[in-house]
Structures are given as structure tokens and as C-alpha cells.
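Single-letter residue listing:
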Amino acid sequence: MDRRKFLTLTAGSALVLPLAAAAAPLGYTPGLVTSRLGMGETVFLDFKASWCSTCAAQDRVIKALKDKNAAYEQHITFIDVDWDAYGKSELARSLRIPRRSTLVVLKGEQELGRIVAQTSRASIKGLMDTALGAAMA
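Residues numbered from 1 in each chain as written. Predicted model: local features only at pLDDT ≥ 70, side-chain atom pairs only at ≥ 80, totals over all residues. Heavy atoms only, no water.

Draft legend 1. Up close: the confidence of the model for the protein chain. Mean pLDDT over the protein chain stands at 89; residues scoring 70 or higher make up 84%. Residue range residues 13-21 is modelled with pLDDT below 50. Its contacts to residues more than four positions away, or to other chains, number 1 contact. (pLDDT = per-residue confidence, 0-100. Contact = heavy atoms within 4.5 Å.)

Below, the structure is given as C-alpha cells:
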């Protein structure tokens, strides 16, 4: 390979790899939360629906906060729970999730915090900081 091609490919890789590091949230499946908690992870659950405007507003704030602080993605397991599919699931019942647009942080067998239908950056950042603190403890 000639030098020009090598430099072009190397530069392209340098741009793409940081984007790949920002992992998408896991999609919920039964047993996933229990499994992740059992591995000692701090779990951030986002009960959402694709048609929910409050959920979309929360999602924008969460993404902006993750973009500003890579530690969130590195230390917290984010799981999206589709409200239409799992709103009446055992998980939702056991956590007493009242509605979509509910955010919950869990560590071990303990709930560390929750937000219901709030979209303020300060509230969501506070919950994410609680999760990060627990994950790094």
C-alpha cells in the first residue's frame, strides 16, 4: 500500500472509532436487567415509547449529557424499555412503573432514584450523576 492510501485510511479510522465508542442503549429483553445487576453493573432504565414526546425530550437531554461526559457511557449500563411491549411486564410491575417517560437507576437490589415525566436537564443530570457515583463506588 502506498503512503497516501495509508494516511487516508488511518485518518478515516481516527474519525470513525470515537463515534463507535458511544454505545447505543441496550434494548430490554426479559432477564436482561437481572443479569446486568447480577454482574454488579449500575443500570439506568428508560421506559419509553416511540410516539411519546416527553420520552423524546428526555432522550435528547440524555444524549447531550452523554456527549459532554464519556464516563456515563463507560460506567453505566443504559437499557431502553419499550413501553408498548413491556409496560405491563413483570419488570414494570415489580418496579411500580406508573407510565412511560419514567427513568430509574438500579444497583444491586436497590433503587437509587427515579424521574417520572420530567425533562429538565438538571433533573436528568442529577439522576445520571447518582448512577455514575454508584457505578464508580
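Okay, back to it.
Draft legend 2. Structural context of the sheet that holds strand β3 (residues 76-82). One open sheet holds the 5 strands; their spatial order is β1-β3-β2-β4-β5, and the pairing between them is mixed. Both edges of this open sheet fall to β1 (26-27) and β5 (110-116), since each of them pairs with a single strand only. Across 6 bridges, the pairing between strand β2 (residues 42-48) and strand β4 (residues 102-107) is antiparallel. Opposite Val-43, over in β4, you have Leu-106 as the bridge partner. Contacting β2, β3, β4 and β5, helix α3 (residues 53-68) runs over the sheet at an angle of about 150° to β2. Helix-sheet contacts for helix α7 (residues 121-136) involve β2, β3, β4 and β5, and the interaxial angle to β5 is about 165°. (Pairing = 2+ DSSP bridges. Helix = DSSP H or I, 4+ residues; strand = E, 2+ residues; numbered from the N terminus. Axes fitted to C-alpha atoms, helices over the stretch in contact; angles between N-to-C directions.)

Draft legend 3. The arrangement of the pairing of β3 in detail. Counting buried positions along β3 yields 5 of 7 residues, so the element is predominantly enclosed. Where β1 and β3 come together, 2 bridges link them in parallel fashion. By the bridge assignment, Leu-26 is partnered in β3 with Ile-79. Here 7 bridges tie β2 to β3, and the two strands are oriented parallel to one another. Paired with Asp-46 across the bridge in β3 is Asp-80. (Buried < 20%, exposed > 50% of the residue type's maximum accessible area, 1.4 Å probe, protein only.)

Draft legend 4. View of the pattern of salt bridges. This structure, assessed with the given rule, holds 9 salt bridges. For Lys-48, the salt bridge identified is with Asp-80, shortest N-O distance 3.4 Å. Pair noted here: Lys-48 is in strand β2 and Asp-80 is in strand β3, with a separation of 32 residues, a long-range link. Owing to a relative accessible area of 21%, Asp-80 belongs among the partly exposed residues under this scheme. Across the salt bridge formed by Lys-66 and Glu-73, the nearest N and O atoms sit 3.4 Å from each other. With relative accessibility at 10%, the residue Lys-66 sits in the buried group. For Glu-73, a relative accessible area of 22% translates into the label partly exposed. Each of the salt bridges in this network shares a partner with another, and the network as a whole consists of Asp-46, Lys-48, Asp-59, Lys-63 and Asp-80. (Salt bridge = Lys/Arg side-chain N within 4 Å of Asp/Glu carboxyl O.)

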